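Analysis of the macromolecular model
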Amino acid sequence: MTDDRELWDRLCRRDATAFEELYRTYSGGLQVFLRRALGSHQAAEDVTQETFASIWRHPNGFDPARGTLPSYLFGAGRKRAAEWWRQQERPGEANAEKTVDCKAETRSLVGDALARLTAEQRSLLWLREVEGQTYTELAAIMEIPVGTVRSRLFAAREALRTIWHGERNTEGEE
Amino acid sequence: MNCKQVGEYISALCDGERIPRDAAEHIGGCKTCRKQLNEYAAIGSELRRLASLETETRMHVDWMQSVNKVGWWQKGLTTMRIPKLAFGVMLIAIIALSSGLVIVRARAGAATGRFLELKYKLPPTGQEDVCVMRADGSQKDNLCNFVHHGRDGLLLMNTRVTPNSGNRTQLGIRAKYIPGAGEVEVHYNDSLFKDIPETLLSLKPGEKQEIQVAGLGTIGVEGEYLDHIPPLVYHPQQTLDPNPKEFRIAAPVLVRDNEVIANAGGGSSIDTGSPDATLMLYVPSEGRYLLSAVPFEGSVQGNVHLGQIAFSLEGHDYLLLTSMPITVSEHVWVKHEPDFKASEHMVRQSEARDDQPMFLVRSLRKLQQERIEH
């Protein structure tokens, strides 16, 4: 936490090395998360860069008392992703599976199944399982109560499990 | 409560959250719910695997040069490690206890992090030792500590990754050699290192550096970046699925009739070639349990499923849980020797303690000898 604050303070003082450190440390994870949330590699790259550019231009909003720096970044990225979806004028969940452009080597049953969840479910599951965000951090990132995090994570897992079972059974029949 | 009512708590349990006791009791006794929990855990593991693959595609070419390297690993058999990095896998199971429910699960850190595999070359033999740490600026899991029992002395090593500078990694290393203390029992704690000055090293992937340790000589240090946490932190070249001849254990927990009787903590042990590979799990006041890949006199059959072994012995139901698949075999053979005392059989002083759990995978033949060498 102290290091997060120190890094952020340097960023606020327009220290370019602090920004470089922030970008190098967190941009990869954010981009992978956004790729899942947006279903597009290119869009994820763009939104990642927009997120960091915005932070560099206007470094405000991070409060160490409310969460970690990665949590703040994922929250900022999620909001940018929501804006991106609005600009596309279509909800992400309906057509997400058509836009996922995973390379062949990174495709998997669970990846395909994930693409069929809603954008919020994908985000919640990814942030929890891959990034290890706590319920409190997820509540801050997603702007929902902690109790709702629990119920929506369950719904997301159950939806993914159902789809996954279906796909595995289908594959077995082929 | 019924299965439908506890569904949300199964998910919460998977995340390590506290759940109501009545939900815990239902889950503990319900095969369907336990299956659901394991499936949630498997989904999480798959997502992390997917993340690590995607991370690989975006890594800088300099980092990629180091990812696919091969087998330099020679584990120092006399090395005790203090793991600071969670195992990168998952599972494993739930245990119904009288006080509620416990989930035993080795949770990965962020799968999209950047990890440093650090190789030490120790004098005088050049024996290699390895640690895996986070190297992405995180202040979690960025430490590696170990105590090396050499022939003539004891080496204490403490390494931390400090914030990076470009493609170089800054290391802070504290090392101390204590001549004549090779068999001294060491209880690890941070104070061991408080008076040892820290040496700073700036390390680039593939570059060899050295540090001088008084009384011992020069320790070679070399680092490579990884894009994921290896399934076996101390055996980075190993995959999640065991090879046909492998028998391996990581952080085992032994449960008897819903009571945890041994939790051996971190660390792992592996045998890659013995046809009679066997786990010896020593439990204070319980003696030892031998779980072998082959039948042997006095043993009973146990069933293997991924990271779990279930068996019945002496009127009790046992479950051995580990954080990864153990063997490709479907069965092992188990024997309990309650009179076994570590102090009477273990050659190494640090293992000859009757009051601490200990585990080791070796050939059955070696484990049945009067004096057991690690």
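The structure contained in this document is the topic of the report that follows. Being a predicted model, the structure only gives us computed values, none of them experimental. Residue positions are counted from 1 within each chain, in the order its sequence is given. Both sets of labels track the order of writing: A upward for chains, 1 upward for ligands. Only residues with pLDDT of at least 70 are given local features in this predicted model, and only at 80 or more are side-chain atom pairs given and counted; all residues enter the totals for whole chains, interfaces and linings. To obtain the side-chain values, all non-hydrogen atoms of the structure were used and water was disregarded.

Considering the overall build of chain A
The following threshold applies: What counts as a helix is a DSSP run of H or I of at least four residues, what counts as a strand is a run of E of at least two, and both are numbered from the N terminus. Throughout this description, buried means an accessible area under 20% of the type-specific maximum (1.4 Å probe, protein chains only), exposed means over 50%, and partly exposed covers the range between. Whether two residues are in contact is decided by their heavy atoms: any pair within 4.5 Å suffices. The Shrake-Rupley method, run with a 1.4 Å probe, gives the accessible areas here. Residue values count only the displayed protein chains as cover.
Across its full length, chain A holds 9 helices and 0 strands. A burial count over chain A gives 52% of its 174 residues as buried. Counting contacts in chain A only where the partners sit at least 6 residues apart, residues at least 24 apart contribute 66% of the total. Surface exposure of chain A reaches about 8,100 Å², of which carbon and sulfur atoms provide 47%.

Structural notes on the overall build of chain B
Within chain B, the regular secondary structure consists of 6 helices and 22 strands. A buried classification covers 56% of the 374 residues belonging to chain B.

Examining the pairing of strand β22 (residues 358-363) of chain B
All names here are of chain B. Put simply, the rule is: Any two strands between which DSSP finds at least two bridges are classified as paired.
β22 sits mainly inside the fold: 6 of its 6 residues count as buried. Pairing analysis gives 6 bridges linking strand β16 (residues 277-283) to β22, with the strands arranged antiparallel. Looking at the pairing, M280 lines up with L360 of β22.

Regarding the pattern of salt bridges
Opposite charge on two side chains permits pairing when their charged atoms draw close. All names here are of chain A. Where we set the bar: In what follows, salt bridge is the name for a side-chain nitrogen of Lys or Arg lying within 4 Å of a carboxyl oxygen of Asp or Glu.
The tally for this structure, following the rule as stated, stands at 16 salt bridges over all chains. As a salt-bridge pair, E158 and R161 come within 2.9 Å of each other at their nearest N and O atoms. Of this pair, E158 and R161 both sit in helix α9 (residues 146-173), 3 residues apart, which is roughly one turn of that helix. Several salt bridges share partner residues, and in doing so they unite R10, D15 and E21 into one network.

Description of the nonpolar core
Most often, soluble globular proteins keep nonpolar side chains buried together rather than apart. Rules: Side-chain atoms within 4.5 Å link the members of a nonpolar core, which is a set of buried Ala, Val, Leu, Ile, Met, Phe, Trp, Tyr and Cys residues.
Core analysis: the biggest nonpolar cluster contains 64 residues, and L22(A), L69(A) and W126(A) have the highest contact counts within it. The element best represented in this core is helix α2 (residues 16-38) of chain A, accounting for 9 residues. Not counting residues up to four positions away in its chain, the partners in contact with W126(A) are V32(A), F33(A), R36(A), L114(A), E131(A), L47(B), L50(B) and A51(B). In terms of nonpolar packing, the next biggest core, distinct from the first, is built from 23 residues, Y120(B), M157(B), V213(B) and V221(B) among them.

Let's talk about the packing of helix α3 (residues 41-57) of chain A against helix α4 (residues 69-88) of chain A
For any two helices packed against each other, the geometry comes down to the angle between their axes and how far apart the axes lie. Residues and elements named next belong to chain A. How we decide: Convention adopted: a line fitted to C-alpha atoms gives each axis, helices being fitted over their contacting stretch, and angles between N-to-C directions are expressed from 0 to 180 degrees. For classification purposes, an angle smaller than 35 degrees is called roughly parallel, one larger than 145 roughly antiparallel, one from 65 to 115 roughly perpendicular, and anything else oblique. Helix crossings fall into two classes, left-handed where the near helix is turned counterclockwise from the far one by less than a right angle and right-handed where it is turned clockwise. Under the convention adopted here, Pro, Cys and the residues Ala, Val, Leu, Ile, Met, Phe, Trp and Tyr are nonpolar, Asp, Glu, Lys and Arg are charged, and Gly plus all remaining residues are polar.
At a minimum axis separation of 9 Å, α3 and α4 run at an interaxial angle of 120°. The orientation of α3 relative to α4 falls into the category oblique. Where α3 crosses over α4, the handedness of that crossing is right-handed. Taken together, the residues of α4 that come into contact with α3 (itself represented by A43, V47, E50, T51, F52, S54 and I55) are Y72, L73, A76, G77, R80, A81 and W84. Split into classes, the residues belonging to the contact of α3 with α4 amount to 9 nonpolar, 3 polar and 2 charged.

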